[in-house]
Amino acid sequence: MTAPDRHAALAATRALPGIPVDQDGPVFREPWEAHAFAMAVTLHARGLFTWPEWAAAIAEEISRAQEAGDADCGDTYYRHWLATLERLVAEKGVTTPAHLARYRDAWDHAADRTPHGKPIELRPEDFGG
C-alpha cells in the first residue's frame with residue numbers, strides 16, 4: 001500500500017469500526033476483499049458517499065443478510081461490503097444493476113475459462129454477444 005493509500009485506509013478504519021484490522025491496518029482473507037475495500041475508499045475520496053452514509057448502508061446490508069440466514073461468522077463481511085458498494089453505485093447513478101450483472105456474468109465466464117493461478121482477463125466474448 002502506498003502512503004496515501006495507507007492514510008486513506010487508516011482513515012476508513014477509524015471512521016468505520018468493525019473493519020477487520022491488525023496493528024498494520026485492514027486485514028483481508030483474499031485479494032478481492034482488498035480490491036473491494038480500495039474501491040470503496042476511492043469512491044469515498046471522490047465524494048460519492050460519506051462514511052456515515054456508508055456505515056448506514058452496510059449495516060442495512062448486514063441486517064438484510066442476517067434476516068436471510070447469514071450466520072455472521074465474520075467470513076462474509078466483505079461480501080456485504082461488495083453488495084453495499086454495488087447498491088450505492090447504482091443508487092448514485094454511477095451504473096445500473098443491469099450493467100453490474102452484465103459484468104458479473106462476464107467475470108464468471110472469464111473465470112471459468114482461466115486456468116487456476118492465472119490472472120483473469122475479460123475479453124469481448126465473455127460478454128456473450
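Parameters and conventions
- Residues numbered from 1 in each chain as written.
- Predicted model: local features only at pLDDT ≥ 70, side-chain atom pairs only at ≥ 80, totals over all residues.
- Heavy atoms only, no water.
- Helix = DSSP H or I, 4+ residues; strand = E, 2+ residues; numbered from the N terminus.
- Buried < 20%, exposed > 50% of the residue type's maximum accessible area, 1.4 Å probe, protein only.
- Contact = heavy atoms within 4.5 Å.
- Areas by Shrake-Rupley, 256 points an atom, 1.4 Å probe, with all protein chains shown as cover.
- Lys, Arg positive; Asp, Glu negative; His and termini not counted.
- Charge placed at Lys NZ, Arg CZ, Asp CG, Glu CD.
- Phe/Tyr/Trp six-rings, centres within 6.5 Å; stacked < 30°, edge-to-face > 60°.
- Polar contact = N/O pair within 3.5 Å; in protein donor to acceptor, adjacent residues only side chain to side chain.

> How should the overall build of the protein chain be read in this particular structure?
Scanning the protein chain for helices and strands turns up 5 helices and 2 strands. Overall, the protein chain shows an N-to-C arrangement of helices and strands of α-β-β-α-α-α-α. Expressed along its principal axes, the backbone C-alpha trace of the protein chain runs to roughly 45 × 35 × 30 Å. Residues classed as buried in the protein chain amount to 28% of the 129 residues present. A separation threshold of at least 6 residues defines the contact pool for the protein chain, and within that pool the share at least 24 residues apart is 46%. Surface exposure of the protein chain reaches about 8,300 Å², of which carbon and sulfur atoms provide 56%. Within the protein chain, one finds 13 positive and 20 negative side-chain charges whose respective centroids are separated by 5 Å.

> Is there a simple way to think about the packing of aromatic side chains in this case?
Geometrically, a pair of aromatic rings is defined through the distance of the ring centres and the angle of the planes. Counted according to the given criterion, the structure contains 10 aromatic pairs. Taken together, the ring pairs connect Phe28, Phe37, Phe49, Trp51, Trp54, Tyr77, Tyr78 and Trp81 into an aromatic cluster.

> What should I look at first to understand the side chain of Arg87 in this one?
Note on placement: Arg87 falls in helix α4 (residues 77-91). Residue class for Arg87 comes out buried when judged on its relative accessible area of 19%. Among the polar contacts made by the side chain of Arg87, one reaches the main-chain carbonyl oxygen of Ala57 at a distance of 3.5 Å.

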